[in-house]
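Chain by chain, the residues:
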Amino acid sequence: MSPTSLRRDGRGAAMAALMAFITLITLVVLTPPAQANSFGWSVLHPSGCCMHADNKSHSYNYSSLTGNMKVAGNYAMINLGSQTDMTVHYDSTPNNQTDVEMFDQYYDDYWGVDWDGSSTGTNVHARAQCVRALVPAISTSWWKCDQYEVRFDLADMNRFSENERKHTACHEVGHTVGLGHSSQTSSCLRNGRVSTRTYNSHDIAHINGRY
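Residue numbering note: each chain is counted from 1, following its sequence as written. Local features in this predicted model are restricted to residues of pLDDT 70 or higher, and side-chain atom pairs are both shown and tallied only at a pLDDT of 80 or more, whereas totals for entire chains, interfaces and linings draw on every residue. With hydrogens and water excluded, all non-hydrogen atoms of the structure serve as input to the side-chain values.

The next thing to look at is the state of the cysteines. Any two cysteine sulfur atoms within 2.5 Å of one another count as a disulfide. Under the defined criterion, the tally for this structure stands at three disulfides. Covalent S-S linkage joins C49 and C50, the inter-sulfur distance amounting to 1.9 Å. Throughout, exposure labels follow a simple rule: accessible area from a 1.4 Å probe, protein chains only, divided by the maximum for the residue type, with under 20% read as buried, over 50% as exposed, and the rest as partly exposed. Using a relative accessible area of 35% as the deciding quantity, one classes C49 as partly exposed. A relative accessible area of 6% places C50 in the buried class. Shown here is the disulfide that connects C170 with C188, its sulfur atoms set 2.1 Å apart. Because the torsion about its S-S bond is -65°, the bridge between C170 and C188 counts as left-handed. Separated by 18 residues along the polypeptide, C170 in helix α4 (residues 162-175) and C188 in the loop between α4 and α5 (201-210) bring together distant segments of the chain. Across the pair, C188 and C170 agree in class, each one buried. The connectivity of the disulfide bonds within the protein chain can be written as 1-2, 3-4, 5-6, using the sequence rank of each bonded cysteine. Runs of E in the DSSP output that reach at least two residues are strands. Runs of H or I that reach at least four are helices, and both are numbered from the N terminus.

We note that W111 has phi near 60°; this positive angle belongs to a residue other than glycine. By relative accessible area, which is 26% here, W111 ends up partly exposed.

A separate point is the pattern of salt bridges. One side-chain nitrogen of Lys or Arg within 4 Å of one carboxyl oxygen of Asp or Glu is enough to make a salt bridge. Counted by the stated rule, this structure contains four salt bridges. In this structure, E164 engages R193 in a salt bridge whose closest nitrogen and oxygen atoms are separated by 3.0 Å. On the criterion of sequence distance, the pair formed by E164 in helix α4 and R193 in the loop between α4 and α5 is long-range, its members being 29 residues apart.

For D91, the location among the structural elements is in the loop between β3 (87-90) and β4 (100-105). For the purpose of counting charges, residues Lys and Arg are taken to be positive, whereas Asp and Glu are taken to be negative. His and the chain ends are not included. Summary of buried charges: D91 has no salt-bridge partner, and the nearest side chain of opposite charge, R132, is 12 Å away. For the purposes of these results, a polar contact is taken to be a pair of N or O atoms within 3.5 Å, where, inside protein, one atom must be able to donate a hydrogen and its partner to accept one; residues adjacent in sequence count only when each atom of the pair is a side-chain atom. A polar side-chain atom of D91 sits 2.7 Å from a polar atom in the side chain of T98.

Once that is clear, we can look at the packing of helix α2 (residues 67-83) against α4. Where α2 contacts α4, the two axes come as close as 8 Å, and the packing angle between them is 50°. Classified by the interaxial angle, the pair formed by α2 and α4 is oblique. Crossing hand, α2 versus α4: right-handed. On α4, the residues that touch N68, M69, V71, A72, G73, Y75, A76, M77, N79 and L80 of α2 are E162, R165, K166, A169, C170 and V173. Classifying every residue of the contact of α2 with α4 gives ten nonpolar, three polar and three charged. Only C-alpha atoms enter the line fits that serve as axes; for helices the fit covers just the stretch in contact. Angles between N-to-C directions range over 0 to 180 degrees. For classification purposes, angles smaller than 35 degrees are called roughly parallel, those larger than 145 roughly antiparallel, those between 65 and 115 roughly perpendicular, and all remaining angles oblique. Each crossing is labelled by how the near helix is turned from the far one, with a counterclockwise turn of less than a right angle marking it left-handed and a clockwise turn marking it right-handed. Residues count as neighbours in contact if any of their non-hydrogen atoms are within 4.5 Å of one another. Residue classes follow a fixed rule: Ala, Val, Leu, Ile, Met, Phe, Trp, Tyr, Cys and Pro count as nonpolar, while Asp, Glu, Lys and Arg count as charged, and any other residue, Gly among them, counts as polar.

The next subject is the environment of Y110. Mapped onto the fold, Y110 is located in the loop between β4 and β5 (126-134). Y110 gets classed as partly exposed once you look at its relative accessible area, which sits at 31%. Between the alpha carbons of Y110 and R151 there is a distance of 9.6 Å; along the sequence they are 41 residues apart. Here Y110 is in contact with W115, E149 and R151, once residues within four sequence places are set aside.

Here, expected helix span is obtained from the residue count minus one, scaled by 1.5 Å. Its 14 residues give α4 an end-to-end C-alpha distance of 20 Å, which sits within 8% of 20 Å, the value for a rise of 1.5 Å per residue. Summarising burial for α4: twelve of the 14 residues are buried, a large majority. Those residues of α4 that fall on the buried side of the exposure criterion are E164, R165, K166, H167, T168, A169, C170, H171, E172, V173, G174 and H175.

Quick look at the layout of surface pockets now. Of the grid points, spaced at 1 Å and generated over the protein atoms alone, those admitting a 1.4 Å probe that cannot get out make up cavities, while open sets with protein on both sides within 12 Å along at least five of seven lines make up pockets; any residue with an atom within 4 Å of a point is treated as lining. Grid points are joined across faces, edges and corners, and a volume is the space filled by probe spheres set on the points. In this model, the largest pocket occupies a volume close to 560 Å³. Forming the walls of the largest pocket are 23 residues, and the residues nearest its centre are A126, R127, E172, H175 and H181. If you list the elements that add at least two residues to the lining of the largest pocket, you get β5 and α4. In terms of residue class, the lining of the largest pocket is built from ten nonpolar, eleven polar and two charged.

This paragraph deals with the confidence of the model for the protein chain. A score between 0 and 100, pLDDT records how confident the predictor is in each residue. Averaged over the protein chain, the pLDDT score is 87; the fraction of residues at 70 or greater is 83%. In the model, residues 1-33 has pLDDT below 50 throughout and makes two contacts with residues more than four positions away in sequence or in other chains.

So this is what it looks like as structure tokens:
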């Protein structure tokens, strides 16, 4: 091989290495980071998911749930208490003061939601909804919720694994204290049929910082 060929080969190798480096940097720049979740809702933050709980004491009842969902619902509430500063306790006689009531059945259009996705293309596994809101004295302040209902669709829950049900319950209970959705794989606030069953450090910081 001639010296000229060697110089050409050297330039080619250097150019290939440079292009590979540029491609890598481009991928790093263009790949969006996993987004942490929003927290709370107010008129100034309309993209937030959920109203804060009214205080750090979070009572719950799951007496209406079927067997598998009782396990998942109880797990989710105990996990909230163990991971955060929230004080969690079971209320055996639910009334309008119970912070979270849980229900499950085969849902179709309850709350005006297309649960099976027949019209929207998006299947809804479960949903937390504030049924007793506390309007803030100052319109721009954070809204709070005195009572949430959490509902699980048995059409989905009956085919989920135990860990997937626990993920779903953890996810919905997170909404009842103000957590929005997360794309971080370490958080149960991640959407979808997955098995992450706990809050991550970002979720915990939100909750403990508020309550």
